[in-house]
Amino acid sequence: MTKEEIKYFWKGARWFALLPVLYLVLLFMNHRFQLSDFNVYYGAADALMNGEQVYGKAFGLSSGFYKYSPEVLVPFLPFALLKYDVAAVLFYLFNTFIFILLLNELKQVFFSKVQWGKEVWMYIILTVAFFGDQLERELFLGNVNALLLLLTLWSFRLLNKNEKANAGLLYAVILCFKIHFLILLPYFILKKEWKVLLYTIIGLMGMALVLFVCVPNRFVVLHNQWWKAVQAHNIQLDRSPNTIYHFIQHVLSSVHMAVVPIAAVLIGLAISGLAFLKFIWKNIGKGFQIQEGLVLIALIPILTHTDTEHFLWAMPIVFMVLLTLSTWNKKGKWIGGIILFLLSIPFLFNSPDIVGSAMSKSLDEGGLGLSLMLLLVLSFLYQSVNLFRNALVRNS
(Lines give C-alpha, C1' and ligand atoms only; values in the text may rest on other atoms or scores of the structure.)
Protein backbone atom coordinates (compact mmCIF):
# COMPACT_ATOMS: atom_id res chain seq x y z
CA MET A 1 0.00 0.00 0.00
CA THR A 2 1.18 3.51 -0.81
CA LYS A 3 1.16 6.30 1.80
CA GLU A 4 -1.93 7.77 0.16
CA GLU A 5 -3.75 4.42 0.28
CA ILE A 6 -2.84 3.98 3.95
CA LYS A 7 -4.19 7.47 4.63
CA TYR A 8 -7.54 6.72 2.99
CA PHE A 9 -7.71 3.30 4.64
CA TRP A 10 -7.02 4.62 8.13
CA LYS A 11 -9.62 7.37 7.66
CA GLY A 12 -12.32 4.69 7.78
CA ALA A 13 -10.50 1.95 9.68
CA ARG A 14 -9.99 4.10 12.79
CA TRP A 15 -13.70 3.83 13.54
CA PHE A 16 -13.48 0.05 13.32
CA ALA A 17 -10.42 0.14 15.60
CA LEU A 18 -12.33 2.22 18.13
CA LEU A 19 -15.03 -0.44 18.61
CA PRO A 20 -12.73 -3.18 20.02
CA VAL A 21 -11.05 -0.62 22.29
CA LEU A 22 -14.42 0.49 23.69
CA TYR A 23 -15.43 -3.15 24.04
CA LEU A 24 -12.23 -3.82 26.01
CA VAL A 25 -13.09 -1.00 28.43
CA LEU A 26 -16.61 -2.43 28.77
CA LEU A 27 -15.24 -5.90 29.54
CA PHE A 28 -13.05 -4.50 32.30
CA MET A 29 -15.90 -2.42 33.74
CA ASN A 30 -18.15 -5.51 33.91
CA HIS A 31 -15.33 -7.77 35.16
CA ARG A 32 -15.75 -10.03 32.12
CA PHE A 33 -12.26 -9.78 30.62
CA GLN A 34 -11.22 -13.46 30.52
CA LEU A 35 -10.12 -14.50 27.01
CA SER A 36 -10.87 -18.16 27.71
CA ASP A 37 -9.35 -19.46 24.47
CA PHE A 38 -6.19 -17.40 24.88
CA ASN A 39 -5.97 -18.80 28.40
CA VAL A 40 -5.61 -22.26 26.83
CA TYR A 41 -2.74 -21.12 24.56
CA TYR A 42 -1.12 -19.29 27.48
CA GLY A 43 -1.49 -22.20 29.89
CA ALA A 44 -0.24 -24.76 27.37
CA ALA A 45 2.78 -22.58 26.47
CA ASP A 46 3.58 -22.16 30.16
CA ALA A 47 3.28 -25.94 30.65
CA LEU A 48 5.60 -26.56 27.68
CA MET A 49 8.14 -24.10 29.06
CA ASN A 50 8.08 -25.72 32.50
CA GLY A 51 8.11 -29.35 31.32
CA GLU A 52 4.54 -29.99 32.46
CA GLN A 53 1.56 -31.74 30.83
CA VAL A 54 0.28 -29.96 27.70
CA TYR A 55 -2.43 -32.28 26.34
CA GLY A 56 -5.33 -33.82 28.28
CA LYS A 57 -5.29 -31.06 30.88
CA ALA A 58 -7.87 -28.27 31.16
CA PHE A 59 -6.53 -24.71 31.24
CA GLY A 60 -8.97 -22.20 32.69
CA LEU A 61 -12.45 -23.56 31.92
CA SER A 62 -13.24 -27.26 32.31
CA SER A 63 -13.46 -27.50 28.50
CA GLY A 64 -10.18 -25.67 27.93
CA PHE A 65 -8.11 -28.50 26.52
CA TYR A 66 -5.24 -27.69 24.18
CA LYS A 67 -5.73 -29.62 20.91
CA TYR A 68 -3.48 -27.94 18.36
CA SER A 69 0.00 -28.86 17.20
CA PRO A 70 2.86 -28.37 19.68
CA GLU A 71 4.61 -26.13 17.12
CA VAL A 72 1.89 -23.50 17.62
CA LEU A 73 2.99 -23.00 21.22
CA VAL A 74 6.40 -21.59 20.21
CA PRO A 75 5.06 -18.11 19.26
CA PHE A 76 3.05 -18.10 22.51
CA LEU A 77 6.14 -18.65 24.69
CA PRO A 78 6.88 -14.89 24.95
CA PHE A 79 3.32 -14.37 26.26
CA ALA A 80 3.89 -17.09 28.87
CA LEU A 81 6.80 -15.06 30.26
CA LEU A 82 4.36 -12.30 31.25
CA LYS A 83 1.66 -12.15 33.90
CA TYR A 84 -1.61 -13.45 32.48
CA ASP A 85 -3.50 -10.13 32.65
CA VAL A 86 -0.72 -8.29 30.81
CA ALA A 87 -0.38 -11.06 28.21
CA ALA A 88 -4.15 -11.17 27.68
CA VAL A 89 -4.41 -7.41 27.07
CA LEU A 90 -1.49 -7.55 24.62
CA PHE A 91 -3.09 -10.45 22.75
CA TYR A 92 -6.45 -8.62 22.66
CA LEU A 93 -4.74 -5.58 21.09
CA PHE A 94 -2.93 -7.92 18.69
CA ASN A 95 -6.30 -9.42 17.66
CA THR A 96 -7.66 -5.89 17.15
CA PHE A 97 -4.73 -5.17 14.83
CA ILE A 98 -5.43 -8.42 12.94
CA PHE A 99 -9.07 -7.37 12.56
CA ILE A 100 -8.01 -4.06 10.97
CA LEU A 101 -5.59 -5.84 8.63
CA LEU A 102 -8.38 -8.24 7.67
CA LEU A 103 -10.52 -5.32 6.49
CA ASN A 104 -7.70 -4.18 4.23
CA GLU A 105 -7.12 -7.72 2.96
CA LEU A 106 -10.76 -8.07 1.92
CA LYS A 107 -10.35 -4.87 -0.07
CA GLN A 108 -7.12 -6.11 -1.68
CA VAL A 109 -8.78 -9.39 -2.73
CA PHE A 110 -11.95 -7.89 -4.19
CA PHE A 111 -11.06 -4.26 -5.00
CA SER A 112 -7.32 -4.35 -5.63
CA LYS A 113 -7.55 -1.79 -8.43
CA VAL A 114 -10.15 0.43 -6.81
CA GLN A 115 -9.29 3.23 -4.38
CA TRP A 116 -10.70 3.32 -0.86
CA GLY A 117 -14.06 5.07 -0.93
CA LYS A 118 -17.71 4.86 0.08
CA GLU A 119 -18.43 1.90 -2.19
CA VAL A 120 -15.61 -0.23 -0.73
CA TRP A 121 -16.52 0.67 2.85
CA MET A 122 -20.19 -0.13 2.22
CA TYR A 123 -19.37 -3.74 1.32
CA ILE A 124 -16.97 -4.05 4.25
CA ILE A 125 -19.52 -2.63 6.72
CA LEU A 126 -22.23 -5.02 5.50
CA THR A 127 -19.87 -8.02 5.72
CA VAL A 128 -18.65 -7.05 9.20
CA ALA A 129 -22.26 -6.57 10.34
CA PHE A 130 -23.14 -10.04 8.99
CA PHE A 131 -20.37 -11.59 11.11
CA GLY A 132 -20.58 -9.17 14.03
CA ASP A 133 -21.41 -11.90 16.56
CA GLN A 134 -18.49 -14.09 15.45
CA LEU A 135 -16.09 -11.13 15.54
CA GLU A 136 -17.28 -10.19 19.03
CA ARG A 137 -16.72 -13.77 20.23
CA GLU A 138 -13.29 -13.80 18.61
CA LEU A 139 -12.29 -10.79 20.70
CA PHE A 140 -14.07 -11.96 23.84
CA LEU A 141 -12.53 -15.45 23.76
CA GLY A 142 -9.14 -14.49 22.37
CA ASN A 143 -8.96 -16.97 19.52
CA VAL A 144 -6.92 -17.07 16.30
CA ASN A 145 -9.60 -17.56 13.63
CA ALA A 146 -9.36 -14.01 12.27
CA LEU A 147 -5.57 -14.42 12.11
CA LEU A 148 -5.93 -17.68 10.15
CA LEU A 149 -8.39 -16.08 7.72
CA LEU A 150 -5.95 -13.20 7.20
CA LEU A 151 -3.04 -15.60 6.58
CA THR A 152 -5.17 -17.66 4.19
CA LEU A 153 -6.16 -14.59 2.16
CA TRP A 154 -2.51 -13.53 2.08
CA SER A 155 -1.42 -16.96 0.86
CA PHE A 156 -4.15 -16.99 -1.81
CA ARG A 157 -3.13 -13.57 -3.09
CA LEU A 158 0.53 -14.62 -3.16
CA LEU A 159 -0.42 -17.75 -5.09
CA ASN A 160 -2.48 -15.66 -7.48
CA LYS A 161 0.66 -13.54 -8.11
CA ASN A 162 2.69 -16.73 -8.71
CA GLU A 163 4.66 -16.30 -5.46
CA LYS A 164 4.25 -19.99 -4.73
CA ALA A 165 7.12 -20.41 -2.27
CA ASN A 166 5.79 -17.76 0.12
CA ALA A 167 2.25 -19.08 -0.30
CA GLY A 168 3.41 -22.57 0.65
CA LEU A 169 5.26 -21.32 3.74
CA LEU A 170 2.15 -19.47 4.91
CA TYR A 171 0.04 -22.56 4.30
CA ALA A 172 2.42 -24.50 6.56
CA VAL A 173 1.83 -22.00 9.38
CA ILE A 174 -1.93 -22.23 8.88
CA LEU A 175 -1.86 -26.03 9.00
CA CYS A 176 0.10 -26.00 12.24
CA PHE A 177 -2.61 -23.92 13.86
CA LYS A 178 -5.59 -25.85 12.52
CA ILE A 179 -5.49 -29.03 10.46
CA HIS A 180 -9.00 -28.18 9.23
CA PHE A 181 -7.21 -26.43 6.36
CA LEU A 182 -6.11 -29.81 5.02
CA ILE A 183 -9.29 -29.37 2.96
CA LEU A 184 -7.07 -27.40 0.56
CA LEU A 185 -4.58 -30.26 0.10
CA PRO A 186 -6.59 -32.35 -2.46
CA TYR A 187 -7.35 -29.13 -4.35
CA PHE A 188 -3.67 -28.18 -4.57
CA ILE A 189 -2.90 -31.69 -5.80
CA LEU A 190 -5.71 -31.50 -8.37
CA LYS A 191 -4.37 -28.16 -9.59
CA LYS A 192 -0.79 -29.56 -9.64
CA GLU A 193 0.52 -26.83 -7.35
CA TRP A 194 3.63 -28.88 -6.56
CA LYS A 195 5.81 -25.92 -5.62
CA VAL A 196 3.27 -24.78 -3.06
CA LEU A 197 3.19 -28.24 -1.51
CA LEU A 198 7.00 -28.50 -1.55
CA TYR A 199 7.37 -25.26 0.40
CA THR A 200 4.55 -26.30 2.70
CA ILE A 201 6.60 -29.38 3.62
CA ILE A 202 9.71 -27.22 4.04
CA GLY A 203 7.75 -24.84 6.29
CA LEU A 204 6.40 -27.68 8.41
CA MET A 205 9.87 -29.17 8.78
CA GLY A 206 11.26 -25.77 9.75
CA MET A 207 8.68 -25.26 12.49
CA ALA A 208 9.20 -28.83 13.70
CA LEU A 209 12.93 -28.14 13.90
CA VAL A 210 12.35 -25.03 16.04
CA LEU A 211 10.19 -27.07 18.42
CA PHE A 212 12.78 -29.85 18.52
CA VAL A 213 15.45 -27.32 19.55
CA CYS A 214 13.13 -26.07 22.33
CA VAL A 215 12.07 -29.49 23.70
CA PRO A 216 14.16 -32.29 22.13
CA ASN A 217 13.26 -34.85 24.81
CA ARG A 218 9.49 -34.36 24.45
CA PHE A 219 9.24 -33.87 20.69
CA VAL A 220 7.85 -37.32 19.77
CA VAL A 221 5.65 -37.61 22.88
CA LEU A 222 4.02 -34.23 22.24
CA HIS A 223 3.14 -35.16 18.65
CA ASN A 224 1.66 -38.49 19.74
CA GLN A 225 -0.46 -36.72 22.35
CA TRP A 226 -1.52 -34.12 19.79
CA TRP A 227 -2.69 -36.80 17.37
CA LYS A 228 -4.76 -38.44 20.10
CA ALA A 229 -6.29 -35.07 20.98
CA VAL A 230 -7.26 -34.51 17.33
CA GLN A 231 -8.87 -37.95 17.12
CA ALA A 232 -10.82 -37.41 20.35
CA HIS A 233 -12.04 -34.01 19.15
CA ASN A 234 -13.40 -35.31 15.83
CA ILE A 235 -14.54 -38.79 16.84
CA GLN A 236 -18.27 -38.00 16.51
CA LEU A 237 -18.54 -35.74 13.50
CA ASP A 238 -22.15 -36.73 12.85
CA ARG A 239 -23.18 -35.27 16.22
CA SER A 240 -21.65 -31.87 15.55
CA PRO A 241 -24.81 -29.76 15.14
CA ASN A 242 -23.60 -27.38 12.42
CA THR A 243 -22.25 -30.03 10.06
CA ILE A 244 -23.84 -31.41 6.92
CA TYR A 245 -23.65 -34.88 8.50
CA HIS A 246 -25.91 -33.85 11.38
CA PHE A 247 -28.34 -32.29 8.89
CA ILE A 248 -28.44 -35.53 6.85
CA GLN A 249 -29.13 -37.53 10.02
CA HIS A 250 -31.93 -35.15 10.97
CA VAL A 251 -33.58 -35.23 7.52
CA LEU A 252 -33.47 -39.02 7.28
CA SER A 253 -34.76 -39.52 10.82
CA SER A 254 -37.68 -37.18 10.07
CA VAL A 255 -38.86 -39.68 7.41
CA HIS A 256 -38.15 -42.63 9.74
CA MET A 257 -34.95 -43.71 8.00
CA ALA A 258 -32.03 -44.72 10.16
CA VAL A 259 -28.46 -44.29 8.99
CA VAL A 260 -25.27 -45.29 10.74
CA PRO A 261 -23.02 -42.34 11.65
CA ILE A 262 -20.18 -43.29 9.30
CA ALA A 263 -22.67 -43.50 6.41
CA ALA A 264 -23.92 -39.98 7.17
CA VAL A 265 -20.33 -38.71 7.12
CA LEU A 266 -19.56 -40.47 3.82
CA ILE A 267 -22.78 -39.17 2.22
CA GLY A 268 -21.99 -35.63 3.40
CA LEU A 269 -18.45 -35.77 2.07
CA ALA A 270 -19.66 -37.19 -1.26
CA ILE A 271 -22.28 -34.45 -1.68
CA SER A 272 -19.80 -31.71 -0.78
CA GLY A 273 -17.06 -33.15 -2.99
CA LEU A 274 -19.30 -33.58 -6.05
CA ALA A 275 -20.81 -30.11 -5.60
CA PHE A 276 -17.35 -28.56 -5.44
CA LEU A 277 -16.20 -30.51 -8.51
CA LYS A 278 -19.21 -29.15 -10.39
CA PHE A 279 -18.27 -25.69 -9.17
CA ILE A 280 -14.70 -25.86 -10.52
CA TRP A 281 -15.39 -28.01 -13.59
CA LYS A 282 -15.02 -25.23 -16.17
CA ASN A 283 -11.65 -24.27 -14.70
CA ILE A 284 -10.44 -27.74 -13.76
CA GLY A 285 -7.58 -27.64 -16.26
CA LYS A 286 -6.38 -24.26 -15.08
CA GLY A 287 -4.18 -23.44 -12.11
CA PHE A 288 -5.21 -22.07 -8.75
CA GLN A 289 -8.33 -19.88 -8.78
CA ILE A 290 -8.77 -17.69 -5.71
CA GLN A 291 -12.56 -17.95 -5.73
CA GLU A 292 -12.33 -21.74 -5.57
CA GLY A 293 -10.03 -21.60 -2.57
CA LEU A 294 -12.41 -19.23 -0.79
CA VAL A 295 -15.30 -21.65 -1.30
CA LEU A 296 -13.24 -24.46 0.21
CA ILE A 297 -12.42 -22.59 3.42
CA ALA A 298 -16.10 -21.62 3.72
CA LEU A 299 -16.92 -25.35 3.70
CA ILE A 300 -14.74 -26.05 6.75
CA PRO A 301 -17.35 -25.10 9.42
CA ILE A 302 -19.94 -27.47 7.94
CA LEU A 303 -17.53 -30.36 7.30
CA THR A 304 -15.57 -30.43 10.56
CA HIS A 305 -16.34 -30.25 14.26
CA THR A 306 -15.70 -26.57 15.03
CA ASP A 307 -16.82 -23.70 17.22
CA THR A 308 -19.16 -20.97 15.99
CA GLU A 309 -16.27 -18.50 15.62
CA HIS A 310 -14.96 -20.62 12.73
CA PHE A 311 -17.83 -19.33 10.61
CA LEU A 312 -15.67 -16.22 10.21
CA TRP A 313 -13.96 -18.17 7.44
CA ALA A 314 -17.10 -17.66 5.33
CA MET A 315 -16.63 -13.86 5.33
CA PRO A 316 -15.17 -13.74 1.79
CA ILE A 317 -18.12 -15.76 0.42
CA VAL A 318 -20.64 -13.29 1.84
CA PHE A 319 -18.53 -10.44 0.44
CA MET A 320 -18.66 -12.05 -3.00
CA VAL A 321 -22.41 -12.60 -2.77
CA LEU A 322 -22.91 -8.92 -1.92
CA LEU A 323 -20.78 -7.93 -4.92
CA THR A 324 -22.82 -10.22 -7.15
CA LEU A 325 -26.14 -8.81 -5.91
CA SER A 326 -24.90 -5.33 -6.84
CA THR A 327 -24.80 -6.39 -10.52
CA TRP A 328 -28.46 -7.50 -10.59
CA ASN A 329 -31.43 -5.38 -11.64
CA LYS A 330 -33.63 -3.63 -9.07
CA LYS A 331 -36.07 -6.54 -8.69
CA GLY A 332 -33.23 -9.04 -8.42
CA LYS A 333 -31.53 -6.93 -5.77
CA TRP A 334 -34.71 -6.88 -3.67
CA ILE A 335 -35.25 -10.63 -3.94
CA GLY A 336 -31.58 -11.44 -3.35
CA GLY A 337 -31.39 -8.96 -0.48
CA ILE A 338 -34.39 -10.50 1.27
CA ILE A 339 -32.97 -14.03 0.88
CA LEU A 340 -29.58 -12.90 2.17
CA PHE A 341 -31.22 -11.16 5.14
CA LEU A 342 -33.14 -14.33 6.05
CA LEU A 343 -29.95 -16.36 5.84
CA SER A 344 -28.20 -13.80 8.04
CA ILE A 345 -30.62 -14.23 10.95
CA PRO A 346 -28.56 -16.95 12.73
CA PHE A 347 -25.53 -14.65 12.41
CA LEU A 348 -27.09 -11.24 13.10
CA PHE A 349 -29.54 -12.05 15.89
CA ASN A 350 -27.71 -14.82 17.69
CA SER A 351 -27.97 -13.30 21.15
CA PRO A 352 -30.00 -14.51 24.16
CA ASP A 353 -30.79 -10.85 24.91
CA ILE A 354 -32.55 -10.56 21.54
CA VAL A 355 -34.13 -13.96 20.84
CA GLY A 356 -33.96 -15.66 24.25
CA SER A 357 -31.55 -18.34 25.48
CA ALA A 358 -33.41 -21.31 23.94
CA MET A 359 -33.57 -19.77 20.46
CA SER A 360 -29.99 -18.52 20.72
CA LYS A 361 -28.84 -22.06 21.49
CA SER A 362 -30.77 -23.38 18.47
CA LEU A 363 -29.15 -20.78 16.23
CA ASP A 364 -25.75 -21.71 17.66
CA GLU A 365 -26.31 -25.44 17.31
CA GLY A 366 -27.65 -25.95 13.82
CA GLY A 367 -28.89 -22.57 12.63
CA LEU A 368 -25.48 -21.28 11.59
CA GLY A 369 -24.61 -24.46 9.71
CA LEU A 370 -27.94 -24.61 7.90
CA SER A 371 -27.71 -20.95 6.93
CA LEU A 372 -24.21 -21.36 5.48
CA MET A 373 -25.23 -24.56 3.66
CA LEU A 374 -28.20 -22.81 2.05
CA LEU A 375 -26.04 -19.85 1.07
CA LEU A 376 -23.51 -22.14 -0.61
CA VAL A 377 -26.23 -24.21 -2.33
CA LEU A 378 -27.94 -21.10 -3.73
CA SER A 379 -24.57 -19.80 -4.88
CA PHE A 380 -23.82 -23.06 -6.68
CA LEU A 381 -27.23 -23.03 -8.33
CA TYR A 382 -26.60 -19.57 -9.70
CA GLN A 383 -24.09 -20.62 -12.33
CA SER A 384 -21.41 -21.36 -9.71
CA VAL A 385 -18.28 -20.22 -11.50
CA ASN A 386 -19.87 -17.17 -13.09
CA LEU A 387 -21.15 -15.96 -9.72
CA PHE A 388 -17.70 -15.61 -8.22
CA ARG A 389 -15.96 -14.69 -11.43
CA ASN A 390 -18.23 -11.65 -11.62
CA ALA A 391 -17.51 -10.84 -7.99
CA LEU A 392 -13.78 -10.68 -8.73
CA VAL A 393 -14.06 -8.80 -12.02
CA ARG A 394 -12.75 -5.62 -10.38
CA ASN A 395 -9.34 -7.24 -10.04
CA SER A 396 -8.93 -7.75 -13.76
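Throughout this description, residue numbers start from 1 for each chain and increase along the sequence as written. The predicted nature of this model means local features are confined to residues of pLDDT at least 70 and side-chain atom pairs, given and counted, to a pLDDT of 80 or more, with totals for whole chains, interfaces and linings taken over all residues. Heavy atoms from the whole structure form the basis of all side-chain values; hydrogens and water molecules are not counted.

Colleague: Explain the overall build of the protein to me, please; I cannot follow it from the model alone.
Modeller: The numbering of helices and of strands both runs from the N terminus, where a helix is a DSSP run of H or I of at least 4 residues and a strand a run of E of at least 2. Along the backbone of the protein there are 19 helices and zero strands. As defined in this context, the radius of gyration uses C-alpha atoms, and a globule is described by 2.2 Å times the residue total to the power 0.38. A compact globule built from 396 residues should have a C-alpha radius of gyration of about 21 Å, and the protein, at 21 Å, falls within 12% of that. Considered along the principal axes of its C-alpha atoms, the protein spans approximately 65 × 60 × 50 Å. For the protein, the proportion of its 396 residues judged to be buried stands at 52%. The contact criterion used throughout is that any non-hydrogen atoms of two residues lie within 4.5 Å. In the protein, 73% of the contacts between residues at least 6 apart in sequence involve partners at least 24 apart. Accessible surface, the protein as shown: approximately 19200 Å² in total, 68% of it carbon and sulfur. By the counting scheme adopted, Arg and Lys are positive, Glu and Asp are negative, and His together with the chain ends is not counted. Note that the charge is assigned to NZ on lysines, CZ on arginines, CG on aspartates and CD on glutamates. Counting 31 positive and 21 negative side-chain charges, the protein places the averaged centre of each group 10 Å from the other. When accessible area is computed with a 1.4 Å probe and restricted to protein chains, residues below 20% of their type maximum are described as buried, those above 50% as exposed, and intermediate ones as partly exposed. For the accessible areas, the method is Shrake-Rupley and the probe is 1.4 Å, while residue cover comes only from the protein chains on display.

Colleague: Just checking my understanding: could you explain the environment of Gly 43 for this structure?
Modeller: Relative to the helices and strands, Gly 43 is located in helix 2 (residues 36–49). On the accessibility criterion, Gly 43 (13% relative accessible area) is buried.

Colleague: Looking at this model, I keep getting lost on helix 8 (residues 164–177). Mind explaining?
Modeller: Side chains that are three or four residues apart share a direction in an α-helix, a result of its 3.6 residues per turn. The span you would expect from a helix comes to 1.5 Å times its residue count less one. In this model helix 8 runs 20 Å from its N-terminal to its C-terminal C-alpha over 14 residues, within 8% of the 20 Å that 1.5 Å per residue would give. Of all 14 residues in helix 8, ten are buried; the element is thus mostly enclosed. Among all positions of helix 8, only Ala 165, Ala 167, Gly 168, Leu 170, Tyr 171, Ala 172, Ile 174, Leu 175, Cys 176 and Phe 177 are buried. Buried residues along helix 8 sit in contact with helix 7 (145–160), helix 9 (184–190) and helix 10 (194–214).

Colleague: How should I be thinking about the pattern of salt bridges in this particular structure?
Modeller: When the charged atoms of two side chains lie near each other, side chains of opposite charge can form a pair. Put simply, a salt bridge is a Lys or Arg side-chain nitrogen that is within 4 Å of an Asp or Glu carboxyl oxygen. Summed over all chains, the structure comprises four salt bridges. Salt-bridge contacts for Glu 105 lead to Arg 157; the nearest nitrogen and oxygen are separated by 2.5 Å. Placement of the pair is Glu 105 in helix 4 (residues 84–110) and Arg 157 in helix 7, with a sequence separation of 52 residues. Overall, Arg 157 belongs to the partly exposed group, its relative accessible area being 23%.

Colleague: Honestly, unusual backbone geometry in this entry has me stumped. Any pointers?
Modeller: For residues that are not glycine, phi is negative in most cases, and the peptide bond is trans in most cases. Phi is positive for Leu 35, close to 50 degrees, though the residue is something other than glycine. Within the chain, Asn 162 stands out as a residue other than glycine whose phi angle is a positive 70 degrees. Judged by its relative accessible area of 56%, Asn 162 is exposed.

Colleague: Just to check I follow, could you spell out a nonpolar patch on the surface for this structure?
Modeller: Taken together, the side chains of Trp 15, Leu 18, Val 21, Leu 22, Val 25, Leu 26 and Met 29 make up a nonpolar region of the molecular surface, amounting to roughly 680 Å² of accessible area. Among the secondary structure elements, Val 25 is positioned in helix 1 (residues 3–29). What makes Val 25 partly exposed here is its relative accessible area of 42%. Within this analysis, patches are made of residues with over 30% relative accessible area and no salt bridge. Like charges are joined at 9 Å or less; nonpolar side chains (Val, Leu, Ile, Met, Phe, Trp, Tyr) at 5 Å or less.

Colleague: Got a minute to help me understand the packing of aromatic side chains in this structure?
Modeller: Geometry of an aromatic ring pair is reported as the spacing of the ring centres plus the angle between the planes. Aromatic rings from Phe, Tyr and Trp, taking only the six-membered ring of Trp, are treated as a pair when their centres fall within 6.5 Å; an angle between ring planes under 30 degrees marks them as stacked, one over 60 as edge-to-face, and anything in between as tilted. Applying the stated rule across the entire model yields 39 aromatic pairs. Note on Phe 76 and Phe 91: the rings are 5.9 Å apart at their centroids and 40 degrees apart in plane angle, and the pair reads as tilted. Of the two residues, Phe 76 sits in the loop between helix 2 and helix 3 (77–80) while Phe 91 sits in helix 4, which places them 15 residues apart along the sequence. Look at Phe 188 and Phe 288: their rings are 6.3 Å apart centre to centre, the planes differ by 45 degrees, and that puts the pair in the tilted class. Of this pair, Phe 188 sits in helix 9 while Phe 288 sits in the loop between helix 13 (261–280) and helix 14 (290–303), placing them 100 residues apart in sequence. By the burial criterion, Phe 188 is buried, and Phe 288 matches it.

Colleague: Hey, could you run me through the side chain of Glu 292 in this one?
Modeller: Along the chain, Glu 292 falls in helix 14. A polar contact is formed between the side chain of Glu 292 and the side chain of Tyr 187, at a distance of 2.4 Å. Contacts of Glu 292, omitting those with residues within four sequence positions, involve Tyr 187, Lys 191, Phe 276, Phe 279, Ile 280 and Asn 283. Definition of a polar contact: a pair of N or O atoms within 3.5 Å, with one able to donate and the other able to accept a hydrogen when the atoms are protein atoms, and with sequence-neighbouring residues admitted only if both atoms are side-chain atoms.

Colleague: Please clarify how the packing of helix 1 against helix 5 (residues 118–130) should be interpreted in this entry.
Modeller: For any two helices packed against each other, one specifies the inter-axial angle together with the distance between the axes. Axis definition: a line fitted to C-alpha atoms, limited for helices to the stretch in contact. Angles are taken between N-to-C directions and run from 0 to 180 degrees. Running from N to C, helix 1 and helix 5 point in directions that differ by 25 degrees, and their axes come no closer than 12 Å. As judged from the angle between their axes, helix 1 and helix 5 are roughly parallel. Two packed elements cross with a definite hand, and for helix 1 against helix 5 that hand is right-handed. Together, Tyr 8, Phe 9, Gly 12, Ala 13 and Phe 16 of helix 1 and Trp 121, Ile 124, Ile 125 and Val 128 of helix 5 make up the contact between the two elements. Roughly parallel means an angle under 35 degrees; roughly antiparallel means over 145; roughly perpendicular covers 65 to 115; every other angle is labelled oblique. Should the near helix be turned anticlockwise from the far one by less than a right angle, the crossing is left-handed, and should it be turned clockwise, the crossing is right-handed.

Colleague: I tried to follow the packing of helix 1 against helix 4 on my own but got confused; where do I start?
Modeller: Packing of helix 1 against helix 4 leaves a shortest axis separation of 10 Å and a crossing angle of 145 degrees. Considering how the two elements wind past one another, helix 1 and helix 4 form a crossing that is right-handed. In this structure, helix 1 contributes Glu 5, Phe 9, Ala 13, Phe 16, Ala 17, Pro 20, Tyr 23, Leu 24, Leu 27 and Phe 28 to the contact, and helix 4 contributes Val 89, Tyr 92, Leu 93, Thr 96, Phe 99, Ile 100, Leu 103, Asn 104 and Lys 107. Here the nonpolar group is Ala, Val, Leu, Ile, Met, Phe, Trp, Tyr, Cys and Pro; Asp, Glu, Lys and Arg are the charged ones; every other residue, Gly included, is treated as polar. Here the contact of helix 1 with helix 4 is built from residues that sort into 15 nonpolar, two polar and two charged.

Colleague: Can you walk me through the state of the cysteines in this structure?
Modeller: A covalent bond between the sulfur atoms of two cysteines is what we call a disulfide. Any pair of cysteine sulfurs within 2.5 Å is marked as a disulfide. Summed over the entire model, instances satisfying the criterion amount to zero disulfides. Looking at Cys 214, it has no disulfide partner, and the nearest cysteine sulfur is the one in Cys 176, 13 Å off.

Colleague: Would you mind showing me how to read helix 16 (residues 330–348) here?
Modeller: In the structure, helix 16 departs most strongly from a straight axis at Leu 342, where the bend amounts to approximately 30 degrees and where the proline Pro 346 lies between one and four residues downstream. Those residues of helix 16 not exposed but buried are Gly 332, Gly 336, Leu 340, Leu 343, Ser 344, Pro 346 and Phe 347. At the N-terminal end of helix 16, a side-chain oxygen is found 3.3 Å from the backbone nitrogen of Lys 331, two or three residues along, and the residue is Asn 329. A residue's bend is simply the angle between two axes: one fitted to the seven residues ending at it, one to the seven starting at it.

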